[in-house]
Amino acid sequence: MEEPYGTFGKYNPTGHAAVYLTQVCAASPTQLRRCEAGEAGVVISRYFKIAGYDWLAIPLLPYLYAVETIQEIPPSADAQTVAALRDSYRRAHLLELAPDGPGGSAPEGDWTQLIGSAYDRKSYGFQIGTTAEQDAAFIEQFNRRKNKRHFNLFYWNCADFARKVLNFYAPQAVHRNFFADAGITTPKLVAKSFTRYARKHPVVEFSSFQIPQVPGSIHRSRPAKGVAEALLKSKKYAVPLAMLSILTPEVAGSIAVAYFTEGRFNLKQDAGIFDIARAMQPQPTRTVPSGVADSGPAGQTTPASDLKTSGAMN
């Protein structure tokens, strides 16, 4: 679950959702394959307007930091540094998705969401174990089906994509909430629903982590909110909500009830910090029987199951 940032994040404070799979890698941004030794997996998510695709897959390290080696990650960053790192990676790997602009310059557009996420915002991860059989089935299904954009902010957004992926690995784990979020799937709803599922199914060996925003002069991201929470807590909605309370107090009251009964969620600010260096280390090959959660070391500082699939970075 990724926090919102920038102008769009100010008016739509729900953030972004993505899924990180440690044993699934990218043959290309639109084709998946099993990871080889020493590879750290892929981040896959739905985007609005990037080359007409519905989802795209980016290796973990460039997704977070727009670099190809840990040594290239800057200890702090400003806008110029981030722009340069993104453009360098784009020229090396993403020209098909984001071709050069006028005069060979970096193009405008949403392609920047694909790489360097940790420069723009803080993220939270919620993880469980998976099996090799599940990963193979996931790769086969996603490589086979048509990858054509049909993004819809209200009913088929990035959080809906994360919901579908998580339900593939853990059926019925994540549901829409027609009360607190008016039926709109939000990243925070996915995190809350996934966490609730894990509490009821301890066999999945659930744990959580956080990925801090890289220090520097770039504006800090904001906490992600659900629909009812945003209406109640965002200053820009204070006047409309006050007017709504006067004109239709029952509606305003129902929003408050929705938030306090279904919309609250503790993000566990004390969750361990994700260790990118550990995540990039080669992991031993393990044979896992079908239907058994595959556990092992994760790329974080707190003990947890192997980071196979997580509704983090939403």
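Preceding block: the structure.
Since we're looking at a predicted model, the values are computed, not measured.

Caption draft 1: Region of the structure containing the pairing of strand E7 (residues 207-211). A large share of E7 lies buried, amounting to 5 of its 5 residues. One ladder, built from 2 bridges, connects E7 with strand E8 (residues 272-273); its direction is parallel. Considered in E8, the bridge of Gln210 is made with Ile273.

Caption draft 2: Spatial organisation of the side chain of Arg121. Tracing the chain through its elements places Arg121 in the loop between helix H4 (117-120) and strand E6 (123-128). We classify Arg121 as buried; its relative accessible area is 8%. Within polar-contact distance, the side chain of Arg121 engages the side chain of Glu2 at 3.0 Å. Filtering out sequence-adjacent residues up to four positions away, Arg121 remains in contact with Glu2, Glu3, Pro4, Tyr5, His16, Ile211, Gln213 and Ser221.

Caption draft 3: Quick peek at the nonpolar core. Within the largest apolar cluster, 35 residues are counted, with the highest numbers of intra-cluster contacts made by Leu60, Leu64, Tyr65, Leu114, Tyr119 and Phe274. Of all the secondary-structure elements, those providing two or more residues to this core are strand E5 (55-59), helix H2 (60-65), helix H3 (79-93), H4, E7 and helix H11 (276-279). A per-element tally of this core places H2 first, with 5 residues. Setting aside chain neighbours within four positions, we find Leu114 in contact with Tyr47, Ile50, Leu56, Ile58, Pro62, Tyr63, Leu94 and Leu97.

Caption draft 4: Fine view of the pattern of salt bridges. In the structure shown here, the tally under the stated rule is 11 salt bridges. Residue Glu39 is joined to Arg33 by a salt bridge in which the shortest nitrogen-to-oxygen separation is 2.6 Å. The exposure class assigned to Glu39 is partly exposed, which follows from its relative accessible area of 30%. For Arg33, a relative accessible area of 25% puts it in the partly exposed group.

Caption draft 5: Fine view of the environment of Gln31. The topology assignment puts Gln31 in strand E3 (residues 31-34). For Gln31, a relative accessible area of 34% puts it in the partly exposed group. It is 7.8 Å that separates the C-alpha atoms of Gln31 and Ala57, two residues lying 26 residues apart in sequence. Each residue touching Gln31, except ones within four places of it in the same chain, is listed here: Cys25, Ala26, Trp55 and Asn143.

Caption draft 6: View of the packing of aromatic side chains. By the definition in use, this model includes 11 aromatic pairs. Ring geometry for Phe138 and Phe142: centres 4.2 Å apart, planes at 25°, overall stacked. On the criterion of helical spacing, the pair formed by Phe138 and Phe142 is a turn pair, its members being 4 residues apart in helix H5 (residues 132-144). The exposure class of Phe138 is buried, given its relative accessible area of 0%. Judged by relative accessible area, Phe142 falls into the buried class, the value being 4%.

What counts, and at which threshold
- Residues numbered from 1 in each chain as written.
- Predicted model: local features only at pLDDT ≥ 70, side-chain atom pairs only at ≥ 80, totals over all residues.
- Heavy atoms only, no water.
- Buried < 20%, exposed > 50% of the residue type's maximum accessible area, 1.4 Å probe, protein only.
- Helix = DSSP H or I, 4+ residues; strand = E, 2+ residues; numbered from the N terminus.
- Pairing = 2+ DSSP bridges.
- Polar contact = N/O pair within 3.5 Å; in protein donor to acceptor, adjacent residues only side chain to side chain.
- Contact = heavy atoms within 4.5 Å.
- Core = buried A, V, L, I, M, F, W, Y, C linked by side-chain atoms within 4.5 Å.
- Salt bridge = Lys/Arg side-chain N within 4 Å of Asp/Glu carboxyl O.
- Phe/Tyr/Trp six-rings, centres within 6.5 Å; stacked < 30°, edge-to-face > 60°.

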